[in-house]
Amino acid sequence: MTGRLNLVVLGKQGAGKGTQSQLLCSTYSLAHISTGDILRAAVAAGTELGNEVKSVLDAGQLVSDELVTQLVVDRFKEKDALRGGVLDGFPRTLAQAQALEKILGPNGITLVINIDLPDELVLERLSSRRVCQECGTTYKDTDPSAISGTCENCGGDVIQRSDDTPEAITQRLEVFRHDTLPLLAFYQARDLLVTVNGDQSVEDVQRAIHSLLVERGVR
Ligand code: AMP
């Protein structure tokens with residue numbers, strides 16, 4: 001897969017991974033590879049996979065490395081991933097990071113972007129987060145689309161995610177600390193890691209990421 005552009009976006013839930021991943025995908029014509037979106041779609045559709053993982057998602061725990069890795073392998077085979085992809089929410093464990101190296105081959109990852117946000121802000125953001133079930137656009141609970149329950153972009157239903165409860169948020173922060181934080185050192189050692197302050201406007205985070213990509217020769 002060398003020659004393609006593959007970006008990994010890391011960060012706690014609510015740091016802005018989904019928003020920035022979508023922006024990167026449209027700027028560079030890449031596939032948005034969000035394991036969370038794939039799993040939620042399966043739950044909503046009531047597929048066998050969805051029924052299997054629903055309680056794990058609701059509890060804020062991780063589904064198995066094998067299962068998500070297979071989802072990513074399959075997703076990379078889709079046509080829109082020809083130029084590469086933006087990985088949003090994968091890898092989340094060292095085993096997944098090692099599996100990704102195997103999937104993409106040597107030098108397969110262009111850059112790993114860590115969006116940093118303190119826990120207090122994560123809690124604040126997630127408690128007031130509302131999401132369009134159709135297109136994934138996120139809103140604050142005070143936004144008109146959240147109040148009306150209808151997405152201003154696509155007309156889809158705007159809901160609160162079932163894992164954006166205080167209990168599940170706390171659990172997901174713990175999972176992040178325990179399972180995902182070690183990935184920063186893993187990618188730092190490979191000279192692939194850059195960190196961006198997530199406590200800024202969407203546009204400022206986007207600009208910061210863009211500058212880092214330009215510095216690395218990505219245009
Ligand atoms: P996200 O939308 O990325 O916050 O993911 C929502 C939920 O999906 C997580 O809390 C996990 O239960 C599950 N999930 C998503 N990606 C992964 C992954 N890479 N490994 C394990 N579980 C995942």
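Residues numbered from 1 in each chain as written. Predicted model: local features only at pLDDT ≥ 70, side-chain atom pairs only at ≥ 80, totals over all residues. Heavy atoms only, no water.

Attention now goes to the site of the ligand. Around the ligand, 16 residues are found, and the nearest of them are Thr 35, Arg 40, Gln 61, Gly 89 and Gln 96. Between Gln 61 and the ligand, the recorded distance is 2.4 Å, taken from a backbone N or O atom to an oxygen atom. The contact in question runs from a nitrogen atom of the ligand to an N or O atom on the backbone of Gly 89, over 2.9 Å. In the complex, the protein chains occlude 97% of the 480 Å² of accessible area that the ligand would expose alone. Taken together, the residues of the shell around the ligand break down into 6 nonpolar, 6 polar and 4 charged. (Near = heavy atom within 4 Å. Polar contact = N/O pair within 3.5 Å; in protein donor to acceptor, adjacent residues only side chain to side chain. Areas by Shrake-Rupley, 256 points an atom, 1.4 Å probe, with all protein chains shown as cover. Nonpolar A, V, L, I, M, F, W, Y, C, P; charged D, E, K, R; others polar.)

On to the side chain of Gln 96, then. Residue placement: Gln 96 occurs in helix 5 (residues 94-104). Side-chain polar atoms of Gln 96 contact the side chain of Asp 65, separated by 2.9 Å. (Helix = DSSP H or I, 4+ residues; strand = E, 2+ residues; numbered from the N terminus.)

It is worth spelling out the state of the cysteines at this point. Formally, a disulfide is one covalent bond, and it connects the sulfur atom of one cysteine to the sulfur atom of another. Scanning the entire structure with this criterion turns up 0 disulfides. Not engaged in a disulfide, the cysteine Cys 25 finds its nearest cysteine sulfur in Cys 135; these two sulfurs lie 14 Å apart. Owing to a relative accessible area of 9%, Cys 25 belongs among the buried residues under this scheme. Here Cys 135 stays unpaired: no disulfide links it, and the sulfur of Cys 132, its closest cysteine neighbor, is 3.7 Å away. (Disulfide = S-S within 2.5 Å. Buried < 20%, exposed > 50% of the residue type's maximum accessible area, 1.4 Å probe, protein only.)

To continue, consider the nonpolar core. If you look at the biggest cluster of nonpolar residues, it comprises 27 residues, and the most contacted ones within it are Leu 39, Phe 76, Leu 87, Leu 100, Ile 109, Val 112 and Tyr 187. Where this core is concerned, the elements lending two or more residues are strand 1 (5-11), strand 2 (31-34), helix 3 (48-58), helix 4 (65-76), helix 5 and helix 9 (182-189). Ranked by residue count, the leading element in this core is helix 4, at 5 residues. If we ignore the near neighbours within four places in the chain, the residues touching Leu 100 are Val 8, Phe 76, Leu 87, Phe 90, Pro 91, Ile 109 and Tyr 187. Counting 24 residues, the second-largest nonpolar core is a separate cluster that includes Ile 113, Leu 126, Val 194 and Val 196. (Core = buried A, V, L, I, M, F, W, Y, C linked by side-chain atoms within 4.5 Å. Contact = heavy atoms within 4.5 Å.)

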